[in-house]
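The chain contents come next:
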Protein chains: 2
Amino acid sequence: MKTINGGVCAAKGFKASGIYCGIKMPSIDNQNPDKPHKNDICMLKSDMVCTTAAVYTQNKVKGAPITVTKANLEKSGNKAIAVIANSKNANTCNADGIEKAEKMCELTANELNIPKEQVVVASTGVIGLVLPIEPVEKAVPILAEKLDYNGNKEAASAIMTTDTVMKEYAVEFEIGGRICHLGGMAKGSGMIHPNMATTLNFITTDCAISYALLQKALSDVVQVTYNCLSVDGDTSTNDMVCLMANGMAENKIIDCPGEEYETFKAALYEVMANLTRMLAKDGEGATKLVMCEVNGAKDEATAVTCAKSVICSPLVKTAMFGADANCGRILGAIGYADIEIDPLKIDVSYVSSKGSIDVCKGGYVIEFSEEKAKEILLDDEVTIKVNLNAGKYGITAYGCDLTYDYVKINGDYRS
Amino acid sequence: MKTINGGVCAAKGFKASGIYCGIKMPSIDNQNPDKPHKNDICMLKSDMVCTTAAVYTQNKVKGAPITVTKANLEKSGNKAIAVIANSKNANTCNADGIEKAEKMCELTANELNIPKEQVVVASTGVIGLVLPIEPVEKAVPILAEKLDYNGNKEAASAIMTTDTVMKEYAVEFEIGGRICHLGGMAKGSGMIHPNMATTLNFITTDCAISYALLQKALSDVVQVTYNCLSVDGDTSTNDMVCLMANGMAENKIIDCPGEEYETFKAALYEVMANLTRMLAKDGEGATKLVMCEVNGAKDEATAVTCAKSVICSPLVKTAMFGADANCGRILGAIGYADIEIDPLKIDVSYVSSKGSIDVCKGGYVIEFSEEKAKEILLDDEVTIKVNLNAGKYGITAYGCDLTYDYVKINGDYRS
């Protein structure tokens, strides 16, 4: 397996485009005429119909696009050809939300001459603001016109909200002598605490694989990637990962578990784990990526809950911002996690590119060099290593520090 | 029932004292010689032995004082005469923690000439720092000497950490023709997300009441007061509420449920609810008290989980800081709470002393005056009212906004 460029266009037969269409009310959007408009709507299209798997937010308040996409994939038997997605407005908690999301599919279907139930629709942005459909109506023909086999960056920028960097990752791998590709784009910076799903993510592959295995691979990999990610503990209403496989690599279809399925799953893990890392590092206001690697857990669920409790703790997050080796807060966060542990078996150390240092052994904080700890924690990627010494399971959770800028960004997000 | 002064000394026969003894390493503590030292250790003593109820943190990593107090009350049959409590060091996650906590009890018991298992010990402050016992040894005789029926403020200031205001509340009520008093002090500003217990709280009463009913009243009232409070979602390792009743009001002992028990419970609720409010309003870095009043829930547990999810959401908290009427975040937080709800029945409004405004009806955000909403949210006490329209249960949860100062305070708490 090797890393390649191309994001959602890395796989054969996928075109993408993205433009600015003015989803946000112009009166608000034009307050700063010197700031160039970033793309706010994108389209993705496969040359051939795709077997499509998806996971959605578990939030009971769901965005209208989630409801419509789910219904479309049910009607089409999990087949899709195109995606239409916008930022700046989540089209959620609006009385006309479903109608607008369906309209977005219809406009796209008519323009591309495909069945509207083969369109995936997604929206991200402010909740509870009526989505203006006129900009979308104007945008769709332009997006269709601009569809390009190298359009991945135009699309990836269109789904960004408070993101400061574009998030794309792609790999190449071999199945039965055929070269396959799998790549994706993600958006997200705040309201990130995925539960069974995540923030907006679109992943494409040219690998031929059955729907059952495609969905299984996605559901399994989500558990150990996006579901181990938290920026602020807030689970979004519009989270979705959509994985489209068009089979254009012409490999013999993967339709039973085995080596080839494992190869595919490893490629999917590689892309999703890297996107997860990027999402954490670009968390709203974050100055650093904070990972918690838990080992020695009695099962995977314990490892996940423990690691997430640490990276979600505001006190751990602020300590990481201050590069303060306040290990008591880590022990506190492990202690209130809903897991069975023996507090007197916990070891903790800090690791970064600057070195590593043990700070807790058997539940007790030990003497350590504050100076060395500070140096380690001042790095922009820090791992908190926890050993529960109670089993063989391990996991890494991804988060970031809590900073002044998180407060600033979210104190008045809508204006 | 009426509100009175006196905190933990409001009830007959309770003396208190507090001094500065230098718990924190002097080298750290003396960095600013112009800043007067605040009290860091206190003592509380009843003239008569007290029936004593307590609830403790559910964090599996527990402070040594919690373990020792629990053991003492078990040994003494829930009887206590004195409390010794310090701030600046939590005496938690230290190999010699139990030994030091027991030593604090022993020193106090010897000085006051009482059995050591009738001493309640509590510590709050930095976790994982060895507690220096010498300052405590020097302090205990002075604390005993200074015990005073009006010493409540000296004691209340001694348990403060990042608290900016002292938290005391007391009431007077009548049981069987006798005037009774019940008052308490609390500390806490960060690491506040009580679970079955709370931050350090000491409550005293001269009302005579059986242990069974005293503990029942405390456990019940905790559920609807401290357990509905969150500053930052971090449950402390050292949370404790200790309720001491010395019977000196000479009422006929309350030993069965009924009107008198309800009167006592109402007094306890009044004191604990007011302390809860004070704790929330003085949350680290907070500029305002944010309450979420949930009504129309199918049961109390649903109401509590829903209200806490709203006040715990970092996105709601930052929006409150920015006085931004971003109702979508409230709906998002309700949606990810682990409760059964019908999203299309939710109503939301904002209320403060500046007025009230409806922002969501039946799950959809409605049109409202942003100007008016801003004015309401700029108040320093704001209530988010949620109606689930699914039953008759209601509750209020207490929290605060998330500000730059929370990050500042916690970025380098230990130095």
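All values reported here derive from a predicted model rather than from experimental measurement.

## Section: the interface of chain B and chain A
In step 1: Residue-level contacts link 53 residues of chain B with 52 residues of chain A.
In step 2: Along the contact surface separating chain B from chain A lie zero salt bridges.
In step 3: Joining chain B to chain A, the criterion identifies two residue pairs in polar contact (both at pLDDT 80 or more).
In step 4: Elements supplying a minimum of two residues to the side of chain B that touches chain A: helix H9 (314-321), helix H10 (327-336), strand S13 (364-365), helix H11 (370-377) and helix H12 (404-411) of chain B.
In step 5: When its residues are assigned to classes, the side of chain B that touches chain A shows 23 nonpolar, 18 polar and twelve charged.

## Points about helix H9 (residues 314-321) of chain A
In step 1: H9(A) sits mainly inside the fold: seven of its eight residues count as buried.
In step 2: Taken residue by residue, H9(A) has A:Pro314, A:Leu315, A:Val316, A:Lys317, A:Thr318, A:Ala319 and A:Met320 as its buried positions.

## Describing the pairing of strand S7 (residues 178-186) of chain B
Residues and elements named next belong to chain B.
In step 1: Among the nine residues of S7, seven are classified as buried, and the element is accordingly described as predominantly covered.
In step 2: Counting the residues that bridge the hairpin from strand S6 (residues 167-175) to S7 gives two residues, and of these Gly 176 lies at a positive phi of roughly 55 degrees.
In step 3: As judged from the five bridges shared by S7 and strand S8 (residues 200-205), these two strands associate in the antiparallel manner. Residue pairing for S8: Met 185 is matched across the bridge by Phe 202.

## Topic: the sheet that holds strand S15 (residues 393-400) of chain B
Residues and elements named next belong to chain B.
In step 1: Reading across from one edge, S13-S12-S11-S14-S10-S15 is the order of the six strands in this open sheet, with mixed pairing throughout. Only two strands of the sheet have a single partner each, and these edge strands are S13 and S15.
In step 2: Along the sheet, helix H8 (residues 300-312) contacts strand S10 (289-297), strand S14 (381-387) and S15; its crossing angle with S15, the most-contacted strand, is approximately 25 degrees.

## Considerations on the sheet that holds strand S13 (residues 364-365) of chain A
Residues and elements named next belong to chain A.
In step 1: Pairing is mixed in the open sheet, where six strands are placed in the order S13-S12-S11-S14-S10-S15. Two strands close off the open sheet at either side, each with one partner strand: S13 and strand S15 (393-400).
In step 2: Bridging between strand S11 (residues 347-352) and strand S12 (residues 355-361) involves five bridges; their strand directions are antiparallel. Across the sheet, Ser 349 pairs through a bridge with Asp 358, a residue of S12.

## Some words on the environment of B:Thr305
Residue and element names in this part refer to chain B.
In step 1: Residue placement: Thr 305 occurs in helix H8.
In step 2: For the pair formed by Thr 305 and Lys 75, sequence separation is 230 residues and the distance between their alpha carbons is 36 Å.
In step 3: Discounting chain neighbours no more than four positions away, the residues touching Thr 305 are Ala 337, Asp 338 and Ile 339.

## Some points on the relation of the copies chain B and chain A
One copy of the chain maps onto the second through a rotation about an axis and a displacement along it.
In step 1: Each copy superposes on the other: chain B lies on chain A with an RMSD of 0.0 Å after a rotation of 180 degrees and an axial shift of 0.0 Å. Expressed as a symmetry operation, the mapping of one chain copy onto the other fits a two-fold axis. Residue B:Tyr404 of chain B places its C-alpha closer to the rotation axis than any other residue of that unit, at 2.5 Å.
In step 2: Here 96% of the contact residues of chain B are again contact residues in chain A; the copies associate through an equivalent surface.

## A look at the environment of B:Val221
All names here are of chain B.
In step 1: Its place among the elements puts Val 221 in helix H6 (residues 211-224).
In step 2: Using a relative accessible area of 2% as the deciding quantity, one classes Val 221 as buried.
In step 3: Distance from Val 221 to Glu 262, taken between C-alpha atoms, is 11 Å for residues 41 residues apart in sequence.
In step 4: Once residues within four sequence positions are removed from consideration, Val 221 is found in contact with Lys 265, Leu 268, Tyr 269 and Met 272.

## Digging into unusual backbone geometry
Residue and element names in this part refer to chain A.
In step 1: Located in the positive-phi region is Asn 78, a residue other than glycine, with phi close to 60 degrees.
In step 2: Along the polypeptide, Asn 78 turns up in the loop between helix H2 (64-75) and strand S4 (79-86).
In step 3: Of note, the phi angle at Asn 91 is positive, near 45 degrees, even though the residue is not glycine.
In step 4: Checked against the element boundaries, Asn 91 lands in the loop between S4 and helix H3 (97-112).
In step 5: The exposure class assigned to Asn 91 is buried, which follows from its relative accessible area of 0%.

## Looking at the nonpolar core
In step 1: With 45 residues, the main nonpolar core has A:Tyr350, A:Ile384 and A:Val386 as its most contacted residues.
In step 2: If sequence neighbours within four positions are ignored, A:Ile384 has contacts with A:Val290, A:Met291, A:Cys292, A:Glu293, A:Val310, A:Val316, A:Met320, A:Ile330, A:Val348, A:Ser349 and A:Tyr350.
In step 3: The next biggest cluster of nonpolar side chains, apart from the first, holds 44 residues, and it includes B:Ala337, B:Val348, B:Val365 and B:Ala373.

## Some thoughts on the confidence of the model for chain A
In step 1: Looking at chain A, the pLDDT average stands at 89 and 94% of residues meet or exceed 70.
In step 2: Predicted complex metrics record ipTM = 0.72 and pTM = 0.78.

## Structural notes on the packing of aromatic side chains
In step 1: On inspection of all chains with the given rule, the structure shows five aromatic pairs over all chains.
In step 2: Measuring from centroid to centroid gives 6.2 Å for A:Phe173 and A:Phe264, while their planes differ by 65 degrees, and the two rings are edge-to-face. Taken together, the residues A:Phe173 in strand S6 (residues 167-175) and A:Phe264 in helix H7 (residues 259-281) connect sequence positions 91 residues apart. Comparing A:Phe173 with A:Phe264, the two get one shared label, buried.
In step 3: Here B:Phe321 and B:Tyr404 contribute two aromatic rings whose centre-to-centre distance is 5.5 Å and whose plane-to-plane angle is 90 degrees, an arrangement assigned as edge-to-face. Note that B:Phe321 is positioned in helix H9 and B:Tyr404 in helix H12, a separation of 83 residues in sequence.
In step 4: For B:Phe321, a relative accessible area of 25% corresponds to the partly exposed category.
In step 5: These aromatic residues form a ring-pair network of at least three members: A:Phe321, A:Tyr404, B:Phe321 and B:Tyr404.

## Thoughts on helix H3 (residues 97-112) of chain B
Residues and elements named next belong to chain B.
In step 1: Relative to the 22 Å expected for 16 residues at 1.5 Å per residue, H3 spans 23 Å between its end C-alpha atoms, a close match to the ideal helical length.
In step 2: Of the residues making up H3, those classed as buried are Gly 97, Lys 100, Ala 101, Met 104, Cys 105, Leu 107, Thr 108, Ala 109 and Leu 112.
In step 3: For H3, the secondary structure elements touched by its buried residues are strand S3 (41-56), helix H2 (64-75), strand S4 (79-86), strand S5 (119-123) and helix H4 (134-146).
In step 4: Phi for Asn 113, located one or two positions after H3, is positive at around 60 degrees.

## What to know about the pairing of strand S5 (residues 119-123) of chain A
Residues and elements named next belong to chain A.
In step 1: S5 sits mainly inside the fold: five of its five residues count as buried.
In step 2: What you see with S5 is no split at all: Val 119, Val 121 and Ser 123 on one side and Val 120 and Ala 122 on the other are buried throughout.
In step 3: Where S4 lies against S5, five bridges are found, and the strand directions are parallel. Pairing of Asn 86 across the sheet is with Ser 123, part of S5.
In step 4: In this view, the connection linking S4 to its parallel neighbour S5 by way of H3 has right-handed handedness.

## Comments concerning the pattern of salt bridges
All names here are of chain B.
In step 1: In the structure shown here, the tally under the stated rule is 26 salt bridges over all chains.
In step 2: Here Lys 385 and Glu 293 are joined by a salt bridge, their closest N and O atoms 3.8 Å apart. Of this pair, Lys 385 sits in strand S14 while Glu 293 sits in strand S10, placing them 92 residues apart in sequence.

## Some words on the packing of H9(A) against helix H10 (residues 327-336) of chain A
Residue and element names in this part refer to chain A.
In step 1: With their axes 9 Å apart at the nearest point, H9 and H10 run at an angle of 155 degrees to one another. One element, H9, and the other, H10, form an angle in the roughly antiparallel class. Read as a crossing pair, H9 and H10 show a hand that is left-handed. In this structure, H9 contributes Leu 315, Val 316, Thr 318 and Ala 319 to the contact, and H10 contributes Arg 329, Ile 330 and Ala 333.
In step 2: Here the residues of the contact of H9 with H10 sort into five nonpolar, one polar and one charged.

Basis of the calculations
- Residues numbered from 1 in each chain as written.
- Chains lettered and ligands numbered in written order.
- Predicted model: local features only at pLDDT ≥ 70, side-chain atom pairs only at ≥ 80, totals over all residues.
- Heavy atoms only, no water.
- Contact = heavy atoms within 4.5 Å.
- Salt bridge = Lys/Arg side-chain N within 4 Å of Asp/Glu carboxyl O.
- Polar contact = N/O pair within 3.5 Å; in protein donor to acceptor, adjacent residues only side chain to side chain.
- Helix = DSSP H or I, 4+ residues; strand = E, 2+ residues; numbered from the N terminus.
- Nonpolar A, V, L, I, M, F, W, Y, C, P; charged D, E, K, R; others polar.
- Buried < 20%, exposed > 50% of the residue type's maximum accessible area, 1.4 Å probe, protein only.
- Pairing = 2+ DSSP bridges.
- Axes fitted to C-alpha atoms, helices over the stretch in contact; angles between N-to-C directions.
- Least-squares fit on C-alpha atoms with pLDDT ≥ 70 in both.
- Core = buried A, V, L, I, M, F, W, Y, C linked by side-chain atoms within 4.5 Å.
- pLDDT = per-residue confidence, 0-100.
- Phe/Tyr/Trp six-rings, centres within 6.5 Å; stacked < 30°, edge-to-face > 60°.
- Expected span 1.5 Å × (residues − 1).
- Right-handed = clockwise from strand over helix to strand, strands pointing away.
- Parallel < 35°, antiparallel > 145°, perpendicular 65-115°, else oblique.
- Left-handed = near helix turned anticlockwise from the far one by under 90°.

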